[in-house]
Each structure stands twice: as C-alpha cells, then as structure tokens.
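Below are the chains, spelled out letter by letter.
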Amino acid sequence: GCALWFAAMAKGQDYKTGEEVCSKARILFSGLGVDEQLAGYKARHRTIYRRGGADMLSHELDGDLSRIWWRNLGRDDRLISDHGREVRQPFLD
C-alpha cells in the first residue's frame with residue numbers, strides 16, 4: 001500500500017542534480033496479479049505444494065485470484081486516485 005501511495009505522488013529527486021521533480025503522467029501501471037497467477041509468494045506456495053501437490057497449489061492460486069478484487073484492487077485504486085491518477089493492471093486484463 002505505502003509504495004503505491006508514494007509512487008502515485010509522482011514526486012522525487014533527480015539523482016544527478018538533486019532537484020525535486022514531479023511527473024505529469026496520469027496513469028500508473030501496477031504489477032498486481034503476477035504473484036497470484038504464477039505462484040510468486042515463494043514460501044507460502046512452496047509449502048502448499050509440498051503438503052498437497054499440484055492440485056492443492058492450483059486450488060490456492062484460484063483462491064488468490066478470486067480474492068484479489070476485494071483484497072487489493074479497491075485499496076490500490078483508492079490510494080492512487082487520492083493523487084488524481086489512474087491505475088492499470090496489465091496482468092489482470
């Protein structure tokens with residue numbers, strides 16, 4: 001949550017000059033959905049696979065994707081729109 005909020009502010013410092021910079025971009029791209037689709041939460045997904053094999057892991061990944069809309073998408077949209085920007089999630093399209 002915090003990383004998206006700071007990214008949505010679109011303010012920072014030019015690393016060469018030290019001057020403050022502000023992006024005028026209105027769209028922020030998010031990588032949300034990759035971990036849920038490709039078992040990217042290594043420790044949790046590895047444990048599930050070891051306990052129940054591919055079937056249990058597949059069931060868990062399905063659950064991750066079914067929960068993502070109420071667990072993450074609404075929160076991320078509110079954080080980013082707080083700064084007048086829009087979010088895009090290309091991995092969930």
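Position labels on residues start from 1 in each chain and follow its written sequence. Local features in this predicted model are restricted to residues whose pLDDT is 70 or higher, and side-chain atom pairs enter the listing and the counts only when it is 80 or higher, whereas totals over whole chains, interfaces and linings include all residues. Side-chain numbers come from the whole structure's heavy atoms, not from hydrogens or water.

Engineer: Just to check I follow, could you spell out the overall build of the chain for this structure?
Structural biologist: Tallying secondary structure elements over the chain gives three helices and four strands in all. In this text, helices come from DSSP runs of H or I with a minimum length of four residues, and strands from runs of E with a minimum of two, each type numbered from the N-terminal end. Ordering the α and β elements of the chain from the N terminus gives α-β-β-β-α-α-β. C-alpha extents for the chain along the principal axes are approximately 55 × 25 × 20 Å. In the structure as shown, the chain presents an accessible area of about 6,800 Å², 54% of it carried by carbon and sulfur atoms. Mean positive and mean negative side-chain charge positions of the chain (15 and 14 charges, respectively) differ by 4 Å. What sets the accessible areas is the Shrake-Rupley method with a 1.4 Å probe; for residues, cover comes only from the shown protein chains. The charged-residue count follows a simple rule in which Lys and Arg add positive charge and Asp and Glu add negative charge, with His and chain termini not counted at all. Here the site of a charge means NZ on Lys, CZ on Arg, CG on Asp, or CD on Glu.

Engineer: How should I be thinking about the pattern of salt bridges in this particular structure?
Structural biologist: Note on pairing: side chains with opposite charge can pair once their charged atoms come close. A pairing counts as a salt bridge when a side-chain nitrogen of Lys or Arg comes within 4 Å of a carboxyl oxygen of Asp or Glu. Applying the stated rule across the entire model yields six salt bridges. Here Asp64 makes a salt bridge to Arg44, at a shortest N to O gap of 3.1 Å. Assessed through its relative accessible area of 5%, Asp64 is described here as buried. Since its relative accessible area comes to 34%, Arg44 is described here as partly exposed. Arg88 is paired through a salt bridge with Glu86; the nearest N and O atoms lie 3.1 Å apart. Overlapping salt bridges, with partners in common, bring together Arg44, Glu60, Asp64 and Arg67 in one network. For every residue, the accessible area (1.4 Å probe, protein chains only) is compared with the maximum for its type, and the residue is labelled buried under 20%, exposed over 50%, or partly exposed between those bounds.

Engineer: What am I meant to see in unusual backbone geometry here?
Structural biologist: Backbone geometry follows two general trends: most residues other than glycine have a negative phi, and most peptide bonds adopt the trans configuration. Unlike most non-glycine residues, Ala10 shows phi in positive territory, near 60°. Relative to the assigned elements, Ala10 resides in the loop between helix 1 (2–9) and strand 1 (11–13).

Engineer: Can you walk me through the nonpolar core in this structure?
Structural biologist: Note on soluble globular proteins: their nonpolar side chains tend to be buried together. Side-chain atoms within 4.5 Å are what join buried Ala, Val, Leu, Ile, Met, Phe, Trp, Tyr and Cys residues into a set we call a nonpolar core. Counting five residues, the largest nonpolar core is built from Leu4, Ala8, Leu28, Ile80 and Val87. Here a residue-residue contact requires only that any non-hydrogen atoms of the pair lie within 4.5 Å. Beyond its immediate stretch of four places on either side in the chain, Val87 contacts Leu28, Ser30, Asp77 and Ile80.

Engineer: What is the right way to read the packing of aromatic side chains from this model?
Structural biologist: Here a ring pair, both rings aromatic, is described through the centre-centre distance and the interplanar angle of the planes. A pair of Phe, Tyr and Trp rings is counted when the ring centres sit within 6.5 Å of each other, with Trp represented by its six-membered ring. The angle between the planes then sorts it: under 30 degrees is stacked, over 60 is edge-to-face, the rest tilted. The final tally for this structure, using the stated rule, is one aromatic pair. Aromatic side chains Trp5 and Phe6 sit 5.1 Å apart centroid to centroid with 80° between the ring planes, which places their arrangement in the edge-to-face category. Positioned above the aromatic ring of Trp70, the side-chain terminus of Arg71 is 5.7 Å from the ring centre. Only when the NZ of Lys or the CZ of Arg is both within 6 Å of the ring centre and within 35 degrees of the ring normal is a charge said to sit over the ring.

Engineer: Can you help me understand the side chain of Asp76 in this one?
Structural biologist: Topologically, Asp76 is positioned in helix 3 (residues 42–81). We classify Asp76 as buried; its relative accessible area is 2%.

Engineer: Just to check I follow, could you spell out the packing of helix 1 against helix 3 for this structure?
Structural biologist: Fitting a line to C-alpha atoms yields each axis, with helices limited to the stretch in contact; the angle taken between N-to-C directions then spans 0 to 180 degrees. Packing of helix 1 against helix 3 brings their axes to within 8 Å, and their N-to-C directions diverge by 30°. With respect to each other, helix 1 and helix 3 are oriented roughly parallel. Considering how the two elements wind past one another, helix 1 and helix 3 form a crossing that is right-handed. Two secondary-structure elements touch here, helix 1 through Leu4, Trp5 and Ala8 and helix 3 through Asp76, Leu79 and Ile80. Under the scheme applied, nonpolar residues are Ala, Val, Leu, Ile, Met, Phe, Trp, Tyr, Cys and Pro; charged residues are Asp, Glu, Lys and Arg; polar residues are all the others, including Gly. Partitioning the contact of helix 1 with helix 3 into residue classes produces five nonpolar, no polar and one charged. The labels follow the angle: roughly parallel below 35 degrees, roughly antiparallel above 145, roughly perpendicular from 65 to 115, and oblique for the rest. Handedness of a crossing is defined here by the sense of rotation of the near helix relative to the far one, left-handed for an anticlockwise turn of less than a right angle and right-handed for a clockwise turn.

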